[in-house]
Amino acid sequence: MKKLLPFFSYLFHPIFIPILGTLFYIAYGDSYVAKEKIYLVLLQVIIIMFFLPLSFFYLLKTFGKVDTIMLSNASQRKIPLVMQIALTAILIAKSITIDRFPELFFFFLGGLGSTLIAFALLFARIKISIHMIAMSALSFFVIGMSLHHQLNVIFLIATLFFITGIVASSRLAMKAHSMEELVIGYFAGMLPQVVLWLFWL
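Rules of the game
- Residues numbered from 1 in each chain as written.
- Predicted model: local features only at pLDDT ≥ 70, side-chain atom pairs only at ≥ 80, totals over all residues.
- Heavy atoms only, no water.
- Helix = DSSP H or I, 4+ residues; strand = E, 2+ residues; numbered from the N terminus.
- Rg over C-alpha atoms; globule rule 2.2 N^0.38 Å.
- Buried < 20%, exposed > 50% of the residue type's maximum accessible area, 1.4 Å probe, protein only.
- Areas by Shrake-Rupley, 256 points an atom, 1.4 Å probe, with all protein chains shown as cover.
- Lys, Arg positive; Asp, Glu negative; His and termini not counted.
- Charge placed at Lys NZ, Arg CZ, Asp CG, Glu CD.
- Phe/Tyr/Trp six-rings, centres within 6.5 Å; stacked < 30°, edge-to-face > 60°.
- Patch = residues over 30% accessible without salt bridge, like charges linked within 9 Å, V, L, I, M, F, W, Y side chains within 5 Å.
- Salt bridge = Lys/Arg side-chain N within 4 Å of Asp/Glu carboxyl O.
- Core = buried A, V, L, I, M, F, W, Y, C linked by side-chain atoms within 4.5 Å.
- Contact = heavy atoms within 4.5 Å.
- 1 Å grid on protein atoms, 1.4 Å probe; cavity = no way out; pocket = protein on both sides within 12 Å on 5 of 7 lines; lining within 4 Å.
- Points joined across faces, edges and corners; volume = space filled by probe spheres on them.
- Nonpolar A, V, L, I, M, F, W, Y, C, P; charged D, E, K, R; others polar.

S.K.: Hey, could you run me through the overall build of the chain in this one?
M.R.: Looking only at helices and strands, one finds eight helices and zero strands in the chain. Going from N to C terminus, the chain has its helices and strands arranged as α-α-α-α-α-α-α-α. In summary, the chain has a C-alpha radius of gyration of 16 Å against a globular reference of 17 Å for 201 residues, a match within 12%. Overall size of the chain, expressed as C-alpha extent along the three principal axes, is 45 × 35 × 30 Å. Within the chain, buried positions represent 49% of all 201 residues. When the accessible surface of the chain is totalled, it reaches about 10,300 Å², and 72% of it is carbon and sulfur. Looking at charge distribution, the chain has the averaged site of its 14 positive side-chain charges lying 13 Å from that of its 7 negative ones.

S.K.: Help me understand the packing of aromatic side chains, please; the structure alone is not making it clear to me.
M.R.: Both the distance between ring centres and the angle between the ring planes are used here to describe each pair of aromatic rings. Tallied over the full model, the rule gives 17 aromatic pairs. Summarising the aromatic geometry, the rings of F7 and F8 are spaced 5.6 Å apart at their centres and angled 75 degrees between planes, so their arrangement reads as edge-to-face. Accessibility expressed as a relative area gives 46% for F7, which makes it partly exposed. Judged by centre distance (5.0 Å) and plane angle (80 degrees), the rings of F50 and F51 are edge-to-face. On the basis of relative accessible area, F50 is assigned to the buried category, the value being 15%.

S.K.: Explanation requested: unusual backbone geometry in the structure shown.
M.R.: It is generally the case that most residues other than glycine have a negative phi and that most peptide bonds are trans. Here Q150, not a glycine, exhibits a phi torsion of approximately 55 degrees, which is positive. Tracing the backbone through its elements, the reader meets Q150 in the loop between helix 6 (130–148) and helix 7 (154–173).

S.K.: Explain the environment of L122 here, please?
M.R.: Within the secondary structure layout, L122 lies in helix 5 (residues 102–122). With relative accessibility at 8%, the residue L122 sits in the buried group. Sequence spacing of L122 and R77 is 45 residues, and the spatial spacing of their C-alpha atoms is 8.2 Å.

S.K.: Can you help me understand a nonpolar patch on the surface in this one?
M.R.: A cluster of nonpolar side chains, namely L40, L43, I47, F51 and L52, defines an oily patch on the protein surface of about 440 Å² accessible area. Among the structural elements, F51 can be located in helix 3 (residues 35–62).

S.K.: Hey, could you run me through the nonpolar core in this one?
M.R.: The tendency in soluble globular proteins is for nonpolar side chains to be buried side by side. Grouped together as the largest cluster of nonpolar side chains are 48 residues, with contacts concentrated most on V45, I96, L104, F108 and F141. Those elements that place two or more of their residues in this core are helix 2 (17–28), helix 3, helix 4 (78–94), helix 5, helix 6, helix 7 and helix 8 (179–200). Here this core takes nine residues from helix 6, the largest share from any one element. Every residue in contact with F108, bar those within four places of it in the chain, is listed here: P18, T22, V45, M49, T88, L91, I92 and I96. One finds L81, A118, L122 and I133 within the second-largest nonpolar core, a separate group that totals six residues.

S.K.: How should empty space enclosed by the protein be read in this particular structure?
M.R.: Take a probe with the size of a water molecule and roll it over the atoms, and the empty space left behind shows itself. A full pass over the atoms with the stated rule returns one cavity of 30 Å³ or more. The set of elements that each furnish at least two residues to the lining of the largest cavity consists of helix 2, helix 3, helix 4, helix 5 and helix 6. When grouped by side-chain class, the residues that make up the lining of the largest cavity number 23 nonpolar, seven polar and two charged.

Take a look at the structure:
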């Protein structure tokens, strides 16, 4: 089992979570925007939140600034987190705006808040789990959507909580984080999403 657990850290890497959140929004959101524009937004999310960070990671690796995509060293996280903050800010300012995709806007705005928390804590030498940030943010976005649109997605929510537990176990098995770092990361992902419910639920 210990040999299998690291697989979940890669399968549910934070880089995939913006895409999963967008796909859930497309499947269950009540948007009046034309489907072609919604799929264009998905393409933009894939490019801005997946391919650009991935390309930037390999550039940093080439120059010896990072070693693995897990960013296990706290000092290696600052540049990628700043890049993530900038890319997310561009996405919600230019593409996923509050007037066109309100629920998705608040999902990414919450993600931006979580990333700022993770970045700020680095200066206190606290390396919280970005995996837990991503999984909790996605889970509570799905919960928010289910409440907003009266969706019966209890099985999906339960599955997300189960997967979050597996990913947490994976991070512990890989000795990437302590239990405290996982817990702080979970709340750092959850709290911005829950606070922003006040503006769209």
